[in-house]
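Spelled out from the first residue to the last, the chains are:
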Amino acid sequence: RIRITDQISGAPVRLLNELEFVGDELLANVWFKDQVARINVNAGVVVGWYDLRGLPYKKRDREEVLNGLAYCSNDNTLYVTGKKWSKIFKFQLPQ
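Residues numbered from 1 in each chain as written. Predicted model: local features only at pLDDT ≥ 70, side-chain atom pairs only at ≥ 80, totals over all residues. Heavy atoms only, no water.

Re the layout of surface pockets
Then comes step 1: The volume enclosed by the largest pocket comes to roughly 240 Å³.
Then comes step 2: The wall of the largest pocket is formed by Arg1, Ile2, Arg3, Ile4, Thr5, Pro12, Val13, Arg14, Leu15 and Leu16.
Then comes step 3: Partitioning the lining of the largest pocket into residue classes produces six nonpolar, one polar and three charged. (1 Å grid on protein atoms, 1.4 Å probe; cavity = no way out; pocket = protein on both sides within 12 Å on 5 of 7 lines; lining within 4 Å. Points joined across faces, edges and corners; volume = space filled by probe spheres on them. Nonpolar A, V, L, I, M, F, W, Y, C, P; charged D, E, K, R; others polar.)

This is the structure we're talking about:
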């Protein structure tokens, strides 16, 4: 079992789902939240967040949650989708 904590608050980060390596970081969405944690895998801490609450997608029910991450190293982009979503969103990540 691995414990991940938020570097700022020191609080444990639970319900991590859908993991994707991006360089030296591990990205993980938080189940039932529109947030993606940026995790330093060596220290086991969240060093930042991607807040995706503003995505232009209307959820029809509680089960339609953020649930898909894919990283493309060719152009440093992150693809995001969700359970039962009909769209995929593309984000240019900072260098």
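What about the pairing of strand β2 (residues 16-22)?
Then comes step 1: Bridge analysis of β2 against strand β3 (residues 25-30) gives six bridges, and the strand direction is antiparallel. Its bridge partner lying in β3, Glu20 is registered against Leu27.
Then comes step 2: The hairpin turn running from β2 into β3, its antiparallel successor, is two residues long, and Gly23 in that turn takes a positive phi close to 60°. (Pairing = 2+ DSSP bridges. Helix = DSSP H or I, 4+ residues; strand = E, 2+ residues; numbered from the N terminus.)

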